[in-house]
Amino acid sequence: MIYLTGAGPGDVELLTVKALKAIEKADVIIYDRLANPKILDKGKEGVKLIYVGKEDGRHTLPQSEINQVIYDSSKKYENVVRLKGGDPFVFGRGGEEAIFLKEKGMEFEIIPGITSAISVPASFGIPVTHRGVSPSFRVVTGHEDPTKKESLVDWESFKTDETIVFLMGFHKLEKIVKKLIEVGKSKDYPCCVISKGTTKEGKCVVGDLSNIVSKSKGLETPALIVVGKVVDLNSLIF
Ligand code: SAH
């Protein structure tokens, strides 16, 4: 069996019971950079570990080769865990792996994980929705260049008070902030950057669109950006 498994946001204890069971019986674990290495210690003795890490969208191995590694492993071993940070279907390209396996006629199971998009803000007292403050939230790729003319991201619609969580956007923070101001958000609109959330090294820098770039300088990745009035709740809850 192949398990497309979510590793959760960082804290090993935020692994699901189902994921842990799959990891404990795995003969091989194919893992990414974002999956906490301590999770690998939960594997049985002699488990084969294969790193196919990606860094902020830069791929160590092209996706087609990762697919092939999963496929080849499943021919060699009985239980294969494909371990991905957070949830495998939130910017994890898990969907592509699932389609590939389906096309190959392979049997697989999807084990959802706790996505960083919600849990990392929560760990710093920032609820992604809050009655009377934010009626909805969006999880957006920060990987796409906001200055690009044709974009799948609907920047114009970000004028509302919806919470926006940008993943993979830390390196583009300056451009993202500029774009949000350009589409009509005020310079004092609340936002924060959270680095290494749910781990001991976790840091949350709160600011607004005018100062978040300078305030968050030097933070390490993985990091996500939250833009929204819910960020202010951090001081009430955390
Ligand atoms: N599938 C993952 C997301 C993969 S995209 C999930 O569901 O969480 C990778 C991005 O997730 C990173 O660039 C960063 O923006 C975010 N991220 C993942 N773990 C994080 C953490 N512990 N703290 C802050 N951001 C994190």
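Right, let's walk through the structure included here. Keep in mind the model is a prediction, meaning the values are calculated, not measured. (Residues numbered from 1 in each chain as written. Predicted model: local features only at pLDDT ≥ 70, side-chain atom pairs only at ≥ 80, totals over all residues. Heavy atoms only, no water.)

1. Here's the deal with the nonpolar core
Ranked by size, the top nonpolar core spans 22 residues in total, and within it W155, F158, F166, L180, V193 and V227 carry the most contacts. Among the elements of the structure, β9 (163-167), α6 (173-182), β10 (190-195) and β12 (223-227) are those that each provide at least two residues to this core. Looking at this core, the element that brings in the most residues is α6, giving four residues. Each residue touching F166, except ones within four places of it in the same chain, is listed here: V140, T141, G142, W155, F158, I176, L180, L224, I225 and V227. (Core = buried A, V, L, I, M, F, W, Y, C linked by side-chain atoms within 4.5 Å. Buried < 20%, exposed > 50% of the residue type's maximum accessible area, 1.4 Å probe, protein only. Helix = DSSP H or I, 4+ residues; strand = E, 2+ residues; numbered from the N terminus. Contact = heavy atoms within 4.5 Å.)

2. Topic: the packing of aromatic side chains
Enumeration according to the criterion identifies six aromatic pairs in this entry. When the ring of W155 is compared with that of F158, the centres are 5.4 Å apart and the planes differ by 85 degrees; the resulting orientation is edge-to-face. With centroids separated by 6.1 Å and ring planes inclined at 85 degrees, the aromatic side chains of F158 and F166 adopt a geometry described as edge-to-face. Members of the aromatic cluster, each reached through a chain of ring pairs, are W155, F158 and F166. Here the basic side chain of K104 rests over the ring of Y71, its NZ or CZ set 4.8 Å away from the ring centre. Above the ring of Y189, the side-chain terminus of K185 is found at 4.2 Å from the ring centroid. (Phe/Tyr/Trp six-rings, centres within 6.5 Å; stacked < 30°, edge-to-face > 60°. Lys NZ or Arg CZ within 6 Å of the ring centre and 35° of its normal.)

None of the figures reported here should be taken as evidence of function without further support.
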